[in-house]
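Chains, contacts and geometry: an overview
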Amino acid sequence: MALRIISTSPAFGMVGVIPDMLRENAWELVRAAEFGDPTEAVLPRLDSYLNEIEYLVSGTYPVTREFFAKAPKLKAVFQHGVGVEKIDIAAATEAGVVICNTPGANANAVVELAIGTMISFGRRIIQAHNTIAAGGWERYVGWEIEGRTLGIIGLGTIGKRLALKARALGMRVIANDIKPDHAFAVQHGIEMLDLDAVLAGADVVSLHINGGPANFNFIAARELALLQPDTLFMNFARGDVLDLDALGDVLAARRIAGAVLDVFSVEPPDPVHPVFAHPHCIFTPHNGANSKESQERVGLATLESLSSMLRGEIPERVVNRAVFDSPNKR
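Just so it is clear, the model here is predicted, and its values are computed rather than measured.

Residues of strand E9 (residues 204-207) alternate between two faces, with Val204 and Ser206 on one and Val205 and Leu207 on the opposite face, all of them buried. Here strand E6 (residues 149-153) pairs with E9 via four bridges, running parallel. Counterpart to Ile153 in the pairing with E9 is Leu207. Taken together, the four bridges between E9 and strand E10 (residues 232-235) define a ladder with parallel strand orientation. Residue Leu207 lies in a different strand from E10, and its bridge partner there is Asn235.

Listed below in structure tokens is the structure:
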């Protein structure tokens, strides 16, 4: 019987060499999720495979302790991306299930979208397009990013790559991270500051931290109050790290210049929220990693981890390495 892979990531196996690799290995891919599916549509499909599933490629849908208990043959979950906050890692380790992710594989795609939206906001490209499409001819005066200060919160893999591109474009970069890489900062002319100083001192603030309970509402009313009136705030991290109501308040009061949001605590978000009616915002549908090149890199890393497991090896990108020492490992 061919190896069957169940996927709740709509993007897995769609681009590049990944479909060919699946065919060449005679691996069957079963999609339990399509683009735009709400959680309540995906989980029943996933439940129908509980008794047989061995390998799961996970998207943004939760993989819980209950799921591990109901899927007795499950050996591994491969996160199609880097964020594993929707996977109960402790429960997986107890159940003997291997968890892998793909750190760094989608970093460049996220960074290019951040740079692109920053420029789009500064030059008011969306407003200009809408004006022309409506038959108007208003010439907007925008601003350039060269010479401005970019504040990066979370100087990890994505944050570092963003810093390098921003520096190449002539920006000053300040940053905050709970585990600062001072050597990297010194080498590339980045100022490491405390969180409040970054928020207060940047023309553009870009958020790149982990999601999950530890960082819930990491940026809320107190933090947003530190931003300057001409600051652009961008979130390419996770939706739950930002208090959307607090952001809506500062936008309504015109206490910041605007916002760019790629991620939301509930996806798709409720369009009734007042933030979505604000004219100085740019919204993208969790699109940071959605380039052909990024999806191919993530897919390759996923299949490398799967192949390692099939050879009886420990995957390079395993998240819960301790599971390989557990008597419960499946």
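Below, the discussion takes up the nonpolar core. Met118, Leu150, Ile152, Leu232 and Met234 are the most contacted members of the largest nonpolar core, which has 28 residues in total. It is helix H5 (residues 107-123) that contributes the most residues to this core, seven residues altogether. Setting aside residues up to four positions removed in sequence, Leu150 forms contacts with Met118, Leu162, Ala166, Met171, Arg172, Val173, Ile174, Ala202, Val204 and Ser206. With 26 residues, the next largest nonpolar core counts Val198, Leu242, Leu251 and Val275 among its residues.

What follows covers the sheet that holds strand E1 (residues 4-7). A sheet is described by the order of its strands in space; here five strands give the open sequence E2-E1-E3-E4-E5, paired in parallel fashion. At either margin of the open sheet sits one strand with a lone partner, and together these are strand E2 (28-31) and strand E5 (98-100). Averaged over neighbouring strand pairs, the angle between their axes works out to 20 degrees when direction is ignored. Pairing of strand E3 (residues 55-58) with strand E4 (residues 76-79), which is carried by four bridges, proceeds in the parallel orientation. Among the inter-strand pairings, Tyr55 is bridged to a residue of E4, identified as Ala76. Here helix H12 (residues 292-310) sits on the sheet and contacts E1, E3, E4 and E5; the angle it forms with E4, its principal contact strand, is near 160 degrees.

Looking now at the packing of aromatic side chains. Following the criterion strictly, the structure yields five aromatic pairs and no others. Note on Phe264 and Phe276: the rings are 5.7 Å apart at their centroids and 50 degrees apart in plane angle, and the pair reads as tilted. Remark: Phe276 occurs in the loop between strand E11 (258-261) and strand E12 (281-283) and Phe264 occurs in the loop between E11 and E12; sequence separation between them is twelve residues. Since its relative accessible area comes to 11%, Phe264 is described here as buried. Overall, Phe276 belongs to the partly exposed group, its relative accessible area being 21%. Grouped by ring-pair contacts, the aromatic residues Phe264, Phe276 and Phe283 constitute a single cluster. We note Lys160 situated over the ring of Phe184; from NZ or CZ to the ring centre the distance is 5.1 Å.

What follows concerns the pairing of strand E7 (residues 172-176). Of all five residues in E7, four are buried, a share of seventy percent or more. Following the backbone out of E6, through helix H7 (residues 157-168) and into the adjacent parallel E7, one traces a crossover that is right-handed. Relative to strand E8 (residues 191-192), E7 runs parallel, the two being bridged by two bridges. Looking across to E8, one finds that Ile174 is bridged to Glu191.

Another aspect to go through is the sheet that holds E6. The seven strands lie next to each other as E8-E7-E6-E9-E10-E11-E12, forming an open sheet whose pairing is parallel. In this open sheet, the two strands that pair with only one neighbour each are E8 and E12. Where H5 meets the sheet, its contacts fall on E6, E9, E10, E11 and E12, and the angle it forms with E10 comes to roughly 155 degrees. Those strands touched by H7 are E6, E7 and E9, and its axis lies near 175 degrees from that of E6.

With that settled, consider the packing of H5 against H7. With their axes 9 Å apart at the nearest point, H5 and H7 run at an angle of 50 degrees to one another. Taken together, H5 and H7 sit at an angle that is classed as oblique. Helix-helix and strand crossings are classified by hand; for H5 and H7 the assignment is right-handed. Together, Ala107, Asn108, Val110, Val111, Glu112, Ala114 and Ile115 of H5 and Thr157, Ile158, Arg161, Leu162 and Lys165 of H7 make up the contact between the two elements.

Rules used in this analysis
- Residues numbered from 1 in each chain as written.
- Predicted model: local features only at pLDDT ≥ 70, side-chain atom pairs only at ≥ 80, totals over all residues.
- Heavy atoms only, no water.
- Buried < 20%, exposed > 50% of the residue type's maximum accessible area, 1.4 Å probe, protein only.
- Helix = DSSP H or I, 4+ residues; strand = E, 2+ residues; numbered from the N terminus.
- Pairing = 2+ DSSP bridges.
- Core = buried A, V, L, I, M, F, W, Y, C linked by side-chain atoms within 4.5 Å.
- Contact = heavy atoms within 4.5 Å.
- Axes fitted to C-alpha atoms, helices over the stretch in contact; angles between N-to-C directions.
- Phe/Tyr/Trp six-rings, centres within 6.5 Å; stacked < 30°, edge-to-face > 60°.
- Lys NZ or Arg CZ within 6 Å of the ring centre and 35° of its normal.
- Right-handed = clockwise from strand over helix to strand, strands pointing away.
- Parallel < 35°, antiparallel > 145°, perpendicular 65-115°, else oblique.
- Left-handed = near helix turned anticlockwise from the far one by under 90°.

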